[in-house]
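Structural characterization, general
Given next are the chains, with one letter for each unit.
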Amino acid sequence: MGKSLCCFPLCFLVLFSFCSARQQNECSISRLNAQRPSNRIQSEAGVTEVFDHNNDQFQCAGAAVVRYIIEPNGLLLPSYVNAPQLMYFVQGRGLQGVLVTGCPQTFQSFQESQEGQKQGREQQGQQGQEQQGQQEQQEQKQGREQQGQQGQEQQGQQEQQEQQQGREQQGQQQGREQQGQQGREQQGQGQQGQQFRGDQHQKIEEVREGDVFAVPTGFGHFIYNNGNRRLTVVSVVDISNQANQLDFQPRRFYLAGNPQNEFQQEQQQQEQQQQGQQQEGREQQGREGHQRQQRQGEGNNIFSGFDAERLAEAFNVDVQIIRKLQGQNDRRGNIIKVQGGLQAVLPPRRQQEQHQDDPLYAQGNGYEETICSMKFRQNIGDPRRADVYTPRGGHRSSVTSYDLPVLRRLVQLSAHKGHLYQDAVLLPFYTVNANSIIYVIRGSARIQVVKEQGETVANEEIQEGQVIVVPQNFAALIKARDSGFEYVAFKTHENARINTLAGNLSLIRALPVQVIASAYQTSDSQARQLKHNRQESTIGAPGSASRSQYRASA
């Protein structure tokens with residue numbers, strides 16, 4: 001018994017060490033390159049573009065990147081993922097729903113439910129009046145029959161009257177039972193109208209350009225484009241997050257349709273590399289491809305693998321409905337067209353904006369931030385909410401767990417959105433506690449990334465639609481081109497911290513002048529220039545270095 005108890009902490013320590021080790025990614029990076037999507041999947045109402053997550057820099061960051069382009073009235077089918085994800089809405093507007101098992105359906109269309117109740121009451125009252133009229137006619141008939149029998153003998157008349165009354169009471173009893181049964185049926189129909197003629201569902205939020213939306217591991221979600229132009233969304237899946245207890249492969253589980261697996265191609269390539277035998281890999285791929293073709297008619301969503309009869313029993317519906325649930329012979333893909341538009345229950349937009357601006361709602365008060373009422377969205381695209389602003393340089397906004405508590409509790413990611421004006425520069429910086437996945441929204445810039453010992457691993461121009469990874473503690477410098485530069489940086493920590501190497505909040509500014517002069521073999525005057533000439537903290541205006549030189553005191 002004692003040996004068993006002693007063994008338990010040791011086993012737990014080994015298991016904890018193993019789980020912690022699997023979160024550390026291999027980052028032997030010698031070169032970083034801006035990436036474009038490697039896989040493009042066309043659907044009925046949009047396109048899914050996937051970046052190769054087996055690329056060295058994505059493996060280093062432990063992340064997978066997907067871009068969805070959704071046409072108007074297009075619906076990205078409901079799904080869930082094996083790791084938390086953070087989405088940024090690049091352009092357009094739409095509706096986003098997050099599905100949490102066990103939470104109530106708090107969005108309800110009461111008007112339709114009341115109509116169902118009204119119809120049930122009207123039908124019940126109408127039939128009740130008809131039954132009352134029939135009963136009155138029956139009583140009048142009984143009176144006439146009693147008057148016609150007065151000429152008969154008293155004894156026979158009494159016997160017949162008693163028999164007739166017995167039959168009448170029995171008929172009245174049957175009539176009341178029938179009336180009660182029909183009333184109960186009408187009441188049930190009224191309740192059925194209340195339950196099914198309206199709609200109840202979990203919270204749906206309006207989303208727009210500049211919104212960051214967090215989706216925890218295993219939470220279902222869907223996106224609908226209710227605008228008049230394309231809706232573009234970039235999603236980063238943190239597959240190295242501790243919430244993912246599988247492997248370092250992104251896995252999306254669709255709840256509907258017959259969609260193609262967006263990560264399937266990259267997973268097959270990695271499996272072939274691990275096998276080391278190309279011929280065997282091709283044979284295995286051919287067999288799997290044949291099996292997938294056989295399954296095409298059966299569907300690719302999570303329900304398609306279950307037996308239809310068992311699912312029909314679980315849902316208590318007909319098998320034909322289950323075959324539709326399984327997406328059999330559905331060729332629309334993962335983004336489908338909603339005929340006639342999506343009708344959903346939404347609060348007034350002004351009420352949503354009031355919640356968005358309410359600091360108490362954002363921070364949580366012990367009641368608002370339960371798992372069912374948790375806030376998942378924060379806008380960082382509005383320049384009026386910028387954290388950093390330089391009049392001639394640009395602005396930057398961020399979202400961390402201090403702004404969006406779900407990031408701390410369930411997602412453990414953060415992001416910031418930056419806009420550099422023409423020829424402005426993002427001063428040299430490094431992220432202390434996170435990897436950065438940078439997606440270019442608009443424009444272009446020259447980026448340089450340097451690793452330890454001064455080795456340059458990136459020195460190239462990045463353009464709209466490209467992605468590049470800056471590993472933790474690697475230093476980076478970005479200078480916008482003539483068209484300016486807009487980007488969003490996803491961070492693999494809920495409170496990512498940035499240290500700058502130049503500017504008024506930099507490490508150089510924190511050093512004494514004598515240390516700078518001695519370390520870099522400069523004069524005191526040159527050391528003061530290094531320390532004070534750049535007055536901005538994060539974003540530098542173009543050409544300001546030659547006009548804002550530090551003047552040493554006499």
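Now for a quick tour of the structure. (Residues numbered from 1 in each chain as written. Predicted model: local features only at pLDDT ≥ 70, side-chain atom pairs only at ≥ 80, totals over all residues. Heavy atoms only, no water.)

Notes on the overall build of the chain
Here is the rule we go by: Working definition: helices are DSSP H or I runs of at least four residues, strands are E runs of at least two. Numbering for both runs from the N terminus. Only protein chains enter the accessibility calculation, which uses a 1.4 Å probe. A residue is then buried if its area is under 20% of the maximum for its type, exposed if over 50%, and partly exposed in between. Throughout, a residue-residue contact means that at least one pair of heavy atoms, one from each residue, lies within 4.5 Å. Each accessible area is a Shrake-Rupley estimate made with a 1.4 Å probe; only the visible protein chains count as cover when residues are assessed.
Helix and strand counts for the chain stand at 14 helices and 25 strands. Each of the 554 residues in the chain was classed as buried or not, and the buried ones make up 43%. In the chain, once contacts between residues fewer than 6 apart in sequence are set aside, the share between residues at least 24 apart is 76%. Carbon and sulfur atoms provide 46% of the accessible area of the chain, an area that totals close to 30200 Å².

A few points about a nonpolar patch on the surface
Rules: Patches draw on residues past 30% relative accessible area with no salt bridge. Two like charges within 9 Å are joined, as are two nonpolar side chains (Val, Leu, Ile, Met, Phe, Trp, Tyr) within 5 Å. Whenever a carboxyl oxygen of Asp or Glu lies within 4 Å of a side-chain nitrogen of Lys or Arg, that contact is scored as a salt bridge.
The grouping of F315, V317 and I321 at the surface amounts to a nonpolar patch, some 250 Å² of accessible area in total. When its relative accessible area of 48% is taken as the criterion, I321 is described as partly exposed.

Brief notes about the sheet that holds strand 5 (residues 85-91)
The line we're drawing: DSSP bridges decide pairing: two strands pair if at least two such bridges lie between them. To get an axis, a line is fitted to the C-alpha atoms, and for a helix only the part in contact is used. The angle between two axes follows their N-to-C directions and goes from 0 to 180 degrees.
On the basis of which strands lie adjacent, the open sheet formed by 7 strands has the order 1-2-3-12-5-10-15 and antiparallel pairing. The open sheet terminates on both sides in strands that have one partner only, identified here as strand 1 (39-43) and strand 15 (377-379). Averaged over neighbouring strand pairs, the angle between their axes works out to 20 degrees when direction is ignored. Summarising the sheet, strand 3 (residues 64-70) and strand 12 (residues 231-237) pair through 7 bridges and their orientation is antiparallel. Each residue of the ladder has a partner; that of R67, found in strand 12, is V234.

Regarding the pairing of strand 11 (residues 220-224)
For strand 11, the buried fraction is high: 5 of the 5 residues fall into the buried class. Of the two faces of strand 11, the one carrying G220, F222 and Y224 and the one carrying H221 and I223 are both buried. The pairing of strand 4 (residues 74-81) with strand 11 spans 3 bridges and is classified as antiparallel. Directly across from S79, in strand 11, lies its bridge partner H221. Bridge count between strand 6 (residues 93-99) and strand 11: 5 bridges; the pairing is antiparallel. Paired with G97 across the bridge in strand 11 is F222.

Concerning helix 7 (residues 308-315)
Basically, it comes down to this: As used here, the arc belongs to the directions running from the helix axis to the C-beta atoms.
Regarding helix 7, the residues found buried are A308, L311 and A312. Mapping the buried residues of helix 7 onto a view down its axis gives an arc of 105 degrees, with all of them on the same face. Within helix 7, the exposed residues directed more than 90 degrees away from the buried face are R310, E313 and A314. Buried residues in helix 7 make contact with helix 8 (319-325).

Things to note about the layout of surface pockets
Note the cut-off: Only protein atoms enter the 1 Å grid, on which a cavity is a set of points fitting a 1.4 Å probe that cannot get out and a pocket is an open set with protein on both sides within 12 Å along at least 5 of 7 lines, lining residues being those with an atom within 4 Å of a point. Grid points are joined across faces, edges and corners, and a volume is the space filled by probe spheres set on the points. Each residue gets one label: Ala, Val, Leu, Ile, Met, Phe, Trp, Tyr, Cys and Pro are nonpolar, Asp, Glu, Lys and Arg are charged, and the others, such as Gly, are polar.
Empty space within the second largest pocket amounts to approximately 770 Å³. Of all the secondary structure elements, the ones that give two or more residues to the lining of the second largest pocket are strand 4, strand 6, strand 8 (200-201) and strand 11. Residue composition of the lining of the second largest pocket, by class: 15 nonpolar, 9 polar and 2 charged.

Digging into the state of the cysteines
The cut-off we apply is this: Any cysteine sulfur atom paired with another within 2.5 Å is treated as part of a disulfide.
All chains considered together, the criterion is met by 1 disulfide. Covalently, C103 is tied to C372 through a disulfide, its sulfur atoms 2.0 Å apart. Handedness here is read from the sign of the S-S torsion; for C103 and C372, about -85 degrees, the answer is left-handed. Here the residue C103 occupies a position in the loop between strand 6 and strand 7 (107-108), and C372 occupies one in the loop between helix 10 (359-363) and strand 15, the gap between them amounting to 269 residues. Judged by relative accessible area, C103 falls into the buried class, the value being 11%. You can call C372 partly exposed: its relative accessible area is 36%.

Considering the pattern of salt bridges
Applying the stated criterion across every chain yields a total of 17 salt bridges. Between R384 and D382 there is a salt bridge, with the nearest N and O atoms lying 2.8 Å from each other.

A look at helix 13 (residues 513-520)
Within an α-helix, residues lying three or four positions from one another point in the same direction, as the helix has 3.6 residues per turn. When helix 13 is considered as a whole, its buried residues turn out to be V513, I516 and A517. Taken down its axis, helix 13 places every buried residue within 95 degrees of arc, on the same side. Exposed positions of helix 13 whose direction lies more than 90 degrees from the buried face are S518 and A519. The secondary structure elements touched by the buried residues of helix 13 are helix 12 (507-510) and helix 14 (524-532). After helix 13 finishes, the residue Q521 shows a positive phi value of roughly 55 degrees.

Overview of the packing of helix 13 against helix 14
Formally: Working definition: roughly parallel below 35 degrees, roughly antiparallel above 145 degrees, roughly perpendicular at 65 to 115 degrees, and oblique for all remaining angles.
At a minimum axis distance of 8 Å, the contact between helix 13 and helix 14 shows a crossing angle of 110 degrees. Taken together, helix 13 and helix 14 sit at an angle that is classed as roughly perpendicular. Judged by residue contacts, V513, Q514, I516, A517 and Y520 of helix 13 engage D524, A527, R528, L530 and K531 from helix 14. Across the contact of helix 13 with helix 14, the residue classes tally to 6 nonpolar, 1 polar and 3 charged.

Here we look at the side chain of K417
Applicable threshold: Polar contact criterion, stated in full: a pair of N or O atoms within 3.5 Å, where within protein one must be able to donate a hydrogen and the other to accept it, and residues adjacent in sequence count only if both atoms are side-chain atoms.
Residue position: K417 is located in strand 18 (residues 414-420). Side-chain polar atoms of K417 contact the side chain of E486, separated by 2.8 Å. Once residues within four sequence positions are removed from consideration, K417 is found in contact with Y88, I380, G381, H395, R396, S397, I441, E486, Y487 and V488.

Quick notes on the nonpolar core
Side chains of a nonpolar character, in soluble globular proteins, are inclined to be buried together. As a reminder of what qualifies: Definition of nonpolar core: a set of buried residues of the types Ala, Val, Leu, Ile, Met, Phe, Trp, Tyr and Cys, connected through side-chain atoms within 4.5 Å.
V65, L86, Y88, F213, I223, I437 and F490 are the most contacted members of the largest nonpolar core, which has 63 residues in total. Apart from residues no more than four positions distant in its own chain, F490 is found in contact with L86, M87, Y88, V234, V236, S414, A415, N435, S436 and I437. A424, V449, V470 and Y487 belong to the second largest nonpolar core, which has 27 residues in total.

Some thoughts on the environment of A424
Examined against the element boundaries, A424 turns out to sit in the loop between strand 18 and strand 19 (425-431). It is 7.9 Å that separates the C-alpha atoms of A424 and G484, two residues lying 60 residues apart in sequence. When residues no more than four places from it in sequence are discounted, the contact partners of A424 are G393, I478, K479, A480, G540 and P542.

Here's the deal with empty space enclosed by the protein
In this structure the tally under the stated criterion is 3 cavities of 30 Å³ or more. One number sums up the size of the largest cavity: a volume of about 80 Å³. Surrounding the largest cavity, 13 residues form its lining, H416, L426, F429, Y487 and I498 being those nearest its centre. The set of elements that each furnish at least two residues to the lining of the largest cavity consists of strand 19, strand 20 (436-450) and strand 23 (475-491). Ranked by residues supplied to the lining of the largest cavity, first place goes to strand 23 with 4 residues. In the lining of the largest cavity, the residues fall into 8 nonpolar, 3 polar and 2 charged.

Function cannot be inferred from these measures alone, as they are strictly geometric.
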